[in-house]
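# Observations on the three-dimensional arrangement
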Amino acid sequence: MAPQRYYWLLLASTLLMASAFVVSKLFINDGVHPLVLVASRFTLAGLLAVFWLFLRGQLETPKNISDVVGVLIVGTLQTGVLFGTGFIAMEHLSAATISLLTLTMPIWVTGILAVMNRALPPLQQLIALAIGMLGVALIIGSGVNQAGIGELQWFALALVGAACWASATVFTKTSGLTITGWSLNAWQMLVGGAEVLIIALALGLPGINFVLISDILLFVWLVIPASILSFGFWFTALRLGGAAVTSGYLFLIPLFTALISVPVLNATFAPLQLLGGIAVGAAVWLMSRSSA
């Protein structure tokens, strides 16, 4: 039986990750450009995480060219593309919808591994894939029905981000990187954030204008608890409970995002969206059970 600490870590990490979607939506609603938000959030979070690990003597650095290339790939896919596409889509879609589409990542992982191995996944994973795709279809169908076919591109953009996160996950598992855990997360946040920062500067996008003290506090929350600590808690939970079982709890993130969005963003959800969310959550849970 997993220790009580394991479940507290899961609760804390998923709650903090969910809060990041809601806080990001608040900034985007206030007119902050999505790419500027991604660049500032993850460049600063990456710098702080690298500095903190260095002070503790726990910072792992690339040992060869393969490590450097690997970190660049993971940072590009897992931070730059994932959050760049997701936050651009969040200008048009709700935080809960983006959270749900992003957390289809384990479903994409199963599909990618099946293609790489040239073999069908086990029956339970096939069932999970079918349920997950049905859930995504319900979420997209409900959104398009409410807003029109023109919004379809934003759903597709968020799914591209989820597929890139899945690709980074598969790459991390199969590439033999010597950098792991907290250090890999710190470097990939810094790399992805810096890449998006270069794009934002090249486009001449305006920076974040902190008007109120609450704006500063929300940004600090986004950088430290919702970025550095949330992933740190998640990696600790992974070590305690194992990747297969722990990944099943990813469905808590869109659930918490939806719950927080109701009072903070005055969000409402159509019945088909709720049903789609339940289907995606069930698919992620089935994926974890079949891998256990």
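Residues numbered from 1 in each chain as written. Predicted model: local features only at pLDDT ≥ 70, side-chain atom pairs only at ≥ 80, totals over all residues. Heavy atoms only, no water.

This part covers empty space enclosed by the protein. According to the stated counting rule, one finds one cavity of 30 Å³ or more in the structure shown. In this structure, the largest cavity encloses a volume near 50 Å³. In this structure, the largest cavity is lined by Phe21, Leu82, Phe83, Gly86, Phe87, Ile98 and Thr102. Contributing elements (two or more residues each) for the lining of the largest cavity: helix H3 (65–90) and helix H4 (95–102). (1 Å grid on protein atoms, 1.4 Å probe; cavity = no way out; pocket = protein on both sides within 12 Å on 5 of 7 lines; lining within 4 Å. Points joined across faces, edges and corners; volume = space filled by probe spheres on them. Helix = DSSP H or I, 4+ residues; strand = E, 2+ residues; numbered from the N terminus.)

With that settled, consider the packing of helix H2 (residues 34–55) against helix H9 (residues 213–241). Running from N to C, H2 and H9 point in directions that differ by 55°, and their axes come no closer than 10 Å. Between H2 and H9, the crossing angle belongs to the class labelled oblique. For the pair H2 and H9, the sense of crossing is right-handed. Within the contact between the two elements, H2 uses Leu37, Ser40, Arg41, Phe42, Leu44, Ala45, Leu48 and Ala49 and H9 uses Phe219, Leu222, Val223, Ile224, Ala226, Ser227 and Ile228. Within the contact of H2 with H9, the residues separate by chemical class into 12 nonpolar, two polar and one charged. (Axes fitted to C-alpha atoms, helices over the stretch in contact; angles between N-to-C directions. Parallel < 35°, antiparallel > 145°, perpendicular 65-115°, else oblique. Left-handed = near helix turned anticlockwise from the far one by under 90°. Contact = heavy atoms within 4.5 Å. Nonpolar A, V, L, I, M, F, W, Y, C, P; charged D, E, K, R; others polar.)

A few words on unusual backbone geometry. Phi angles above zero are rare outside glycine, and Asn266 is one such case at about 55°. Tracing the backbone shows Asn266 in the loop between helix H11 (252–265) and helix H12 (271–291).

Summed over the entire model, instances satisfying the criterion amount to six aromatic pairs. On the basis of an interplanar angle of 90° and a centroid distance of 6.4 Å, the ring pair of Phe27 and Phe219 is categorised as edge-to-face. Pair noted here: Phe27 is in helix H1 (residues 4–29) and Phe219 is in helix H9, with a separation of 192 residues, a long-range link. Taken individually, Phe27 and Phe219 each receive the classification buried, so the pair is uniform in this respect. Measuring from ring centre to ring centre gives 4.6 Å for Phe42 and Phe83, while their planes differ by 40°; the resulting arrangement is tilted. (Phe/Tyr/Trp six-rings, centres within 6.5 Å; stacked < 30°, edge-to-face > 60°. Buried < 20%, exposed > 50% of the residue type's maximum accessible area, 1.4 Å probe, protein only.)

Where helix H8 (residues 181–202) meets H9, the axes come as close as 10 Å, and the angle between the chain directions of the two elements is 145°. Judged by the twist between their axes, the crossing of H8 over H9 is right-handed. In contact with Gly181, Trp182, Asn185 and Met189 of H8, H9 contributes Ser227, Ile228, Phe231, Gly232, Phe233, Phe235, Thr236 and Arg239. Tallied by class, residues from the contact of H8 with H9 come to six nonpolar, five polar and one charged.

On to a nonpolar patch on the surface, then. On the surface, a cluster of nonpolar side chains totalling about 740 Å² of accessible area is made up of Leu44, Leu48, Phe210, Ile213, Ile216, Leu217, Val220, Ile224 and Leu229. Residue assignment for the nonpolar patch shows that the elements contributing at least two residues are H2 and H9. No other element matches the six residues that H9 contributes to the nonpolar patch. In this fold, Leu217 is placed in helix H9. (Patch = residues over 30% accessible without salt bridge, like charges linked within 9 Å, V, L, I, M, F, W, Y side chains within 5 Å. Areas by Shrake-Rupley, 256 points an atom, 1.4 Å probe, with all protein chains shown as cover. Salt bridge = Lys/Arg side-chain N within 4 Å of Asp/Glu carboxyl O.)

Time to look at the side chain of Thr14. Mapping Thr14 onto the fold places it in helix H1. When its relative accessible area of 0% is taken as the criterion, Thr14 is described as buried. Separated by 3.2 Å, the side chain of Thr14 and the backbone oxygen of Leu11 make a polar contact. Ignoring sequence-local partners within four residues, the contact set of Thr14 consists of Trp234, Tyr249, Leu252, Ile253 and Phe256. (Polar contact = N/O pair within 3.5 Å; in protein donor to acceptor, adjacent residues only side chain to side chain.)

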